[in-house]
Amino acid sequence: MNGIQAIRLRRAVGVAVTTGAVLASGALYAAPAQAASAPTIVAKGGYAMNNGNGKSLYTKKADTPLSTGSTTKIMTAKVVLAQKNLNLDAKVTIQMAYSDYIVKHNASSARLIVGDKVTVRQLLYGLMLPSGCDAAYALADKFGTGSTRSARVKSFIGKMNSEAKKLGLANTSFDSFDGIGNGKNYSTPRDLTKIASSAMKSSTFRSIVKTKKYTAKTVTKTGGTRTMAPWNNTNTLLSSYSGTIGVKTGSGPEAKYCLVFAATRNGKTVIGTVLASTSATQRETDAKRLLSYGFGKI
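Report follows, based on the coordinates. Remember, it's a predicted structure, so these values are computed and weren't measured experimentally.

For the chain, the count of helices and strands is ten helices and 13 strands. Scored against the burial criterion, the 298 residues of the chain give a buried share of 48%. A total accessible area of about 14,600 Å² is found for the chain, and carbon and sulfur atoms account for 51% of it.

This is the structure:
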């Protein structure tokens, strides 16, 4: 090898080494966009997932059991909609027991009138939009089995727990039809999200939970028609976050402020849950953060 060849060889090796180092550092390519850091939420627990493939997008105490408040009613609706040969136009007569229950618990209400005949479809709207515990009671009484009201309610709650087991949810328990529990009404952010994802497979459920306002026309005791005051959806994300398609708020002394949420953008859906946030405004802020973060990851 002559001197010139040796110089050329050293230059080639030097370029190769340098190029390798540059390749390793990625400097020859545009730096990949940095994934947004996971957001901070005030809620005690949070979870978000890609509804298309079930992949987790965000977790914060996602498997810690917490009180669910009225997000329980997602399962109430799911059980009703799972009934064989369901007739959404079947009429249910509103009983004094439902009204008394609302008064006793100072519970959220669809303001159903005792003696009115209300369809199952209307009760589902009354359940999910104004979060009517009277509507929840009426549905549990209608779709539970037994010779007494208490037996029917117990049966219906049993169906709620059976549905949870079918979904493989080990950290979920229901002891009420509406979230006003007796110590054994709890779930986790991940489990509630799975319940909502399953419920959203029903076109009827999807139609209800994305509705901002609904006016029911019921049949009175005397056979006349009563136009109810409009029911407004308590899920304010429907008006404040583009693409929102559901699903349900919840609150209570123990549950604090909860929100199960879902939104679709560019054909992709992020669904999730925040439990035990500090206010109605904060749960919405928490949910928006998880939605935006989730969309940034899928």
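Close contact between helix H2 (residues 73–81) and helix H6 (residues 149–166) brings their axes to 9 Å; oriented N to C, the two are set at 95 degrees. Comparing the axis directions of H2 and H6 gives the class roughly perpendicular. Facing H2, whose interface residues are Met-75, Thr-76, Lys-78, Val-79 and Val-80, H6 presents Phe-156, Lys-159, Met-160, Glu-163 and Ala-164. When grouped by side-chain class, the residues that make up the contact of H2 with H6 number six nonpolar, one polar and three charged.

Another aspect to go through is the pairing of strand S1 (residues 45–50). The buried fraction of S1 amounts to six of the six residues, a majority that puts the element mostly inside the structure. Every second residue of S1 is oriented toward a common face, with Gly-45, Tyr-47 and Met-49 on one face and Gly-46, Ala-48 and Asn-50 on the other, all of them buried. Sheet topology places S1 next to strand S13 (residues 268–277); six bridges connect them, and they run antiparallel. Paired with Met-49 across the bridge in S13 is Ile-271.

What follows deals with the sheet that holds strand S12 (residues 256–265). Spatially, the five strands line up as an open sheet ordered S2-S1-S13-S12-S11, and their pairing is antiparallel. A strand with exactly one partner marks an edge of an open sheet, and here the two such strands are strand S2 (56–60) and strand S11 (244–252). Along the sheet, successive strands turn relative to each other by an average axial angle of 5 degrees, direction set aside. By the bridge criterion, four bridges tie S1 to S2 in an arrangement that is antiparallel. Looking across to S2, one finds that Met-49 is bridged to Ser-56. Sheet strands touched by helix H10 (residues 280–297): S1, S2, S11, S12 and S13. Its angle to S12, the strand with the most contacts, is close to 35 degrees.

Two measures describe an aromatic ring pair: the distance that separates the ring centres and the angle between the ring planes. Enumeration according to the criterion identifies seven aromatic pairs in this entry. With 6.1 Å between their ring centres and 15 degrees between their planes, Tyr-214 and Trp-231 make a pair best called stacked. Separated by 17 residues along the polypeptide, Tyr-214 in strand S7 (residues 213–214) and Trp-231 in strand S10 (residues 231–232) bring together distant segments of the chain. Here the two residues Tyr-214 and Trp-231 agree in accessibility, since each one is buried. Connected via pairs of aromatic rings, a cluster forms that spans Tyr-98, Tyr-101, Tyr-137 and Phe-177.

The geometry of H2 relative to helix H4 (residues 120–128) is characterised by a closest axis approach of 10 Å and an angle of 165 degrees between their N-to-C directions. In terms of orientation, H2 and H4 fall into the roughly antiparallel class. Note on packing geometry: the crossing formed by H2 with H4 is left-handed. On H4, the residues touching Lys-73, Ile-74, Thr-76, Ala-77, Val-80 and Leu-81 of H2 are Val-120, Leu-124, Leu-127 and Met-128.

Analysis parameters
Residues numbered from 1 in each chain as written. Predicted model: local features only at pLDDT ≥ 70, side-chain atom pairs only at ≥ 80, totals over all residues. Heavy atoms only, no water. Helix = DSSP H or I, 4+ residues; strand = E, 2+ residues; numbered from the N terminus. Buried < 20%, exposed > 50% of the residue type's maximum accessible area, 1.4 Å probe, protein only. Areas by Shrake-Rupley, 256 points an atom, 1.4 Å probe, with all protein chains shown as cover. Axes fitted to C-alpha atoms, helices over the stretch in contact; angles between N-to-C directions. Parallel < 35°, antiparallel > 145°, perpendicular 65-115°, else oblique. Contact = heavy atoms within 4.5 Å. Nonpolar A, V, L, I, M, F, W, Y, C, P; charged D, E, K, R; others polar. Pairing = 2+ DSSP bridges. Phe/Tyr/Trp six-rings, centres within 6.5 Å; stacked < 30°, edge-to-face > 60°. Left-handed = near helix turned anticlockwise from the far one by under 90°.

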